[in-house]
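Listed here are the chains, written in short residue letters.
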Amino acid sequence: MRVHTYAIWPALTTAVALTLTGCSGSGGGDGGAAVLSAVWGDPQNPLEPANTNEVEGGKVLGMIFRGLKEYDPKTGKAENAVARSITTTDSRTFTVKLKKGWKFSNGEPITAHSFVDAWNYGASLKSNQKNAYFFGYIEGYDKVHPDTGKQTADSLSGLKVVNDQTFTIRLTQKFSTFPDTLGYVAFAPLPKAFFTDHAAWLAKPVGDGPYTIESYTKGAQMQLRKWDGYPGADKAENGGVDLKVYTDNNTAYTDLQAGNLDLVDDVPAQQLTHVRKDLGDRYLNTPAGIIQTLAFPFYDNDWNTAGAAKVRKGLSMAINRAQITKTIFQNTRTPATDWTSPVLGASGGYKEGLCGDYCDYNPTEAKQLIQEGGGIPGGQLKITYNADTGSHKEWVDAVCNSINNVLGDDKACVGSPVGTFADFRNLIGQDKLTGPFRAGWQMDYPLIQDFLQPLYYTDASSNDGKWSHKKFDKLVDQANAQTDPKKAVQLFQQAEGVLRDDMGAIPLWYQNGSAGWSGRLSHVALDPFSVPVYNEIKVG
Amino acid sequence: MGHYLIRRLLQMIPVFIGATLLIFLMVNVLGDPVAGLCGDKSCDPATAAQLKKEFGLDRPVLEQYLTYMGHLVTGDFGTAFNGQKVIDLMSSAFPVTIRLTVVAVLLEIVLGLGLGLFTGLSQGRVLDSAILLLTLVVISIPTFVTGLVLQLLLGVEWSWISPSVSTEAPFSELIVPGLVLASVSLAYVTRLTRTSIAENRRSDYVRTAVAKGLPRRRVVTRHLLRNSLIPVVTFIGTDIGALMGGAIVTERIFNIHGVGYQLYQGIVRQNSQTVVGFVTVLVLVFLVASLLVDLLYAVLDPRIRYA
């Protein structure tokens, strides 16, 4: 119990300001720039670039790694980081040239091998990396990571080192925006130490980003410090960040109020009603690259008819998005009007209103469409969701209420909870669902391609509903083959039109990222992935 | 006494095997743990198969259980999904929870017994009724409410304590969480002691002791309290295991990285190795605690003999 030297009874907001100097356990002693403390969760997987698929591990890797490209925290645009240039003439073979003078924080210079070795490791079936499929576009992936059986090669044949500063990538198909995917953390370079002493590296990862790891106590906290030798332009503006693992977001928020913590990057739903009163303008709520949709089981023949398309459109019109986002989510969600996310920006492919009337609440037309389409297959709509995280029950019940009201039938739609996320994934993986299910999508990189191809292309990795449409596939292929980004975006949007006309999935809302911080901090912002831009935060 | 001890220890074996087998089956029939590992996407089949093989999940459940128990004998609890040894998780989690439990049990004994003795001796007075009412209130309010209210009042409003416990979790930071954890049991101990004292106060041996002219202090401690302790000791003994396992709520509120936290993580991530490992140890704690309680009876009441 940390007893404060003063015991006053101030209002909540002043308490935060007053107690800051008294008890921020991570205060200073670092000479020069001060260190801030931020909330963290225990990463689910070992901290390796190609093995990290959740936000907590991603936060750390984003601080200690820089890849070929880096996404601009404001615009989401991919800018060169370690890469000097990435060029192509045919949208299929890419030549990568590296900047000189970059090194890892242990002094090892970054060469073409640092990337090629890391990618070969990430793709290899032997390494058990959960993000291995990111290398799936590179030639030779099927040998290194076959769907069944043993791998017949240890390295991707599509990667060739030309010299220390240059390597080439050959893809299995045309993919014009491929260079823009290379800012994703799975594509980070790895130092030799990663391969020679793997256990030691995992205990204390070494990268080439603006921060280095000073200490890491698994499950408890990680201390990151500014790396003075960092060659990049986005140097850290603070002395470092102490990431503290919290058992519960609510406790983190309480600690922020009490002045024990500087930064919370997910304000819990229970606190949303009074967050403005508590924190004033030290609270941020901006769109992130996350969209929530309802997917349908197209492997079930009842959903794969011409009439069912009308039913899906009717259901979409029966959902009162504006009301649900306001009352259930306190406006931390924005009603969706397309299948991407506002963080892409208009030039990146976000098109407000692309969904048209189908995403507007219209009870009379909704009822009419559902009836014309032959009613709900099976007579009752069961929306499946996992009940263990993310308070999905509340919104599923609300969506069902909305649909029931439109149809004038209390039992037309019911929620169907599944105990854990793993069970939920299991049901989806075995094609066992007979009705719609929640399908959240958090983008891997800010590209319209990432919102469409992995989710709706025939047999794509995350096409859980098994929706398939020849015209859509063809337009995506065409878009990928374009060398002009503008034309590519247009073609992707045409493909999105095909998705809309068949209502392959009902878009619900875009999710926002939120953050709250103490009076010690300034320049707090969230990037398009809703992760705080740590290196830009100023302390004091 | 020696025979009794050996018999009790032998009896523990089937209980232990039965309990662990049950937990193992429950965790394993829940579904495929690997399915949730790849975030909002599905794992690619090759990696999923490889992971299952690595964690031994591709074998029949009974075989998994036997291998698991075999490893257990050598002190190997397996590996959690994030690559950490479960034994390492335990060595960081158990000391914290044990400290928390010690605080809770001490509070139960000192406050619970003290209040119980006091109310038992001063039955019917205003303070007695007040304490009785208070314990009733504590029992009827869920722990998480008590915890959150104390955290908000003491931690944020008055700034007397830090609302969260630091990683090291020293005793000084665990007093309030310990109080919250102990609160309901504490109320029960108070009521149990009170009833027991009130009953024994009117018994023959107490009247005799008083008639002999023994000092009041000696009558209360040696005669009255000692005999009244048996039901209370039973309660506190079995409560130790319950407190350790039930710390999930308290640990979550006060950010304590103990057994409750690890169990919660294990369950949410469907990490069978973590869940089964921690529950196994908790089963052992229960068994040992109940054995100690039984042995303590003989100390409290020499009439109780073990054949």
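Cut-offs used in this document
Residues numbered from 1 in each chain as written. Chains lettered and ligands numbered in written order. Predicted model: local features only at pLDDT ≥ 70, side-chain atom pairs only at ≥ 80, totals over all residues. Heavy atoms only, no water. Phe/Tyr/Trp six-rings, centres within 6.5 Å; stacked < 30°, edge-to-face > 60°. Helix = DSSP H or I, 4+ residues; strand = E, 2+ residues; numbered from the N terminus. Buried < 20%, exposed > 50% of the residue type's maximum accessible area, 1.4 Å probe, protein only. Lys NZ or Arg CZ within 6 Å of the ring centre and 35° of its normal. Pairing = 2+ DSSP bridges. Axes fitted to C-alpha atoms, helices over the stretch in contact; angles between N-to-C directions. Contact = heavy atoms within 4.5 Å. Polar contact = N/O pair within 3.5 Å; in protein donor to acceptor, adjacent residues only side chain to side chain. Salt bridge = Lys/Arg side-chain N within 4 Å of Asp/Glu carboxyl O. Nonpolar A, V, L, I, M, F, W, Y, C, P; charged D, E, K, R; others polar. Domains from an automatic or database assignment. Buried area = accessible area lost by both parts, 1.4 Å probe.

Overview of the packing of aromatic side chains
In the structure shown here, the tally under the stated rule is 38 aromatic pairs over all chains. Both rings, one in A:Y71 and one in A:F529, keep their centres 5.7 Å apart while their planes meet at 50°; by these two values the pair is tilted. Taken as a pair, A:Y71 in strand 2 (residues 69–71) and A:F529 in the loop between strand 18 (521–522) and strand 19 (538–539) lie far apart in primary sequence, 458 residues in all. The pair A:Y71 / A:F529 is uniform in exposure class, with both members buried. Consider the rings of A:F115 and A:W119, whose centres lie 6.3 Å apart with planes at 80°: the pair is edge-to-face. A residue pair is termed a helical-turn pair when its members lie 3 or 4 positions apart in one helix, as A:F115 and A:W119 do in helix 3 (residues 112–123) at 4 residues. The pair formed by A:F115 and A:W119 is uniform in burial state, with each residue classed as buried. Cation over ring: B:R252 sits above B:Y264, and NZ or CZ is 4.3 Å from the ring centre.

A look at the sheet that holds strand 6 (residues 159–163) of chain A
Residues and elements named next belong to chain A. Strand order across the open sheet formed by 4 strands is 4-5-7-6, with antiparallel pairing between neighbours. Both edges of this open sheet fall to strand 4 (83–88) and strand 6, since each of them pairs with a single strand only. Direction aside, the axes of adjacent strands within the sheet are offset by 20° on average. As defined by bridge partners, strand 4 adjoins strand 5 (residues 93–98) across 5 bridges and the pair is classed as antiparallel. By the bridge assignment, T87 is partnered in strand 5 with T95. Against the sheet, helix 3 makes contact with strand 5, strand 6 and strand 7 (166–170), and its axis sits at roughly 165° relative to strand 6, the strand it touches most.

Details of the environment of A:N106
Residues and elements named next belong to chain A. By the element assignment, N106 lies in the loop between strand 5 and helix 3. Using a relative accessible area of 41% as the deciding quantity, one classes N106 as partly exposed. Beyond its immediate stretch of four places on either side in the chain, N106 contacts P191, A193 and V206. Engagement of the side chain of N106 in a polar contact is seen with the backbone nitrogen of E108, the distance being 3.1 Å.

What to know about the interface of chain B and chain A
Every contact between the two is made by 51 residues of chain B and, on the other side, 54 residues of chain A. Across the chain B-chain A interface, the total number found is 1 salt bridge. The partner of A:D248 in a salt bridge is B:R252, and the shortest N-O contact between them spans 3.7 Å. At the boundary of chain B and chain A, one finds 12 residue pairs in polar contact (both at pLDDT 80 or more). For the side of chain B that touches chain A, the secondary-structure elements that each account for two or more residues are helix 2 (45–54), helix 6 (143–157), helix 7 (175–201), helix 10 (248–253) and helix 11 (259–268) of chain B. Among the residues making up the side of chain B that touches chain A, the classes are represented as 21 nonpolar, 20 polar and 10 charged.

Describing the domain arrangement of chain A
All names here are of chain A. Each assigned domain of chain A is listed here: domain 1 (65–206) and domain 2 (288–512). For domain 1 and domain 2, the distance between their C-alpha centres works out to 32 Å. Contact residues are listed per partner, giving 15 residues for domain 1 and 14 residues for domain 2. Interface area, domain 1 with domain 2, both sides summed: about 1,200 Å², of which 57% is carbon and sulfur. Counting the contacts that link domain 1 with domain 2 gives 4 residue pairs in polar contact (both at pLDDT 80 or more). The class makeup of the residues in the side of domain 1 that touches domain 2 is 6 nonpolar, 7 polar and 2 charged.

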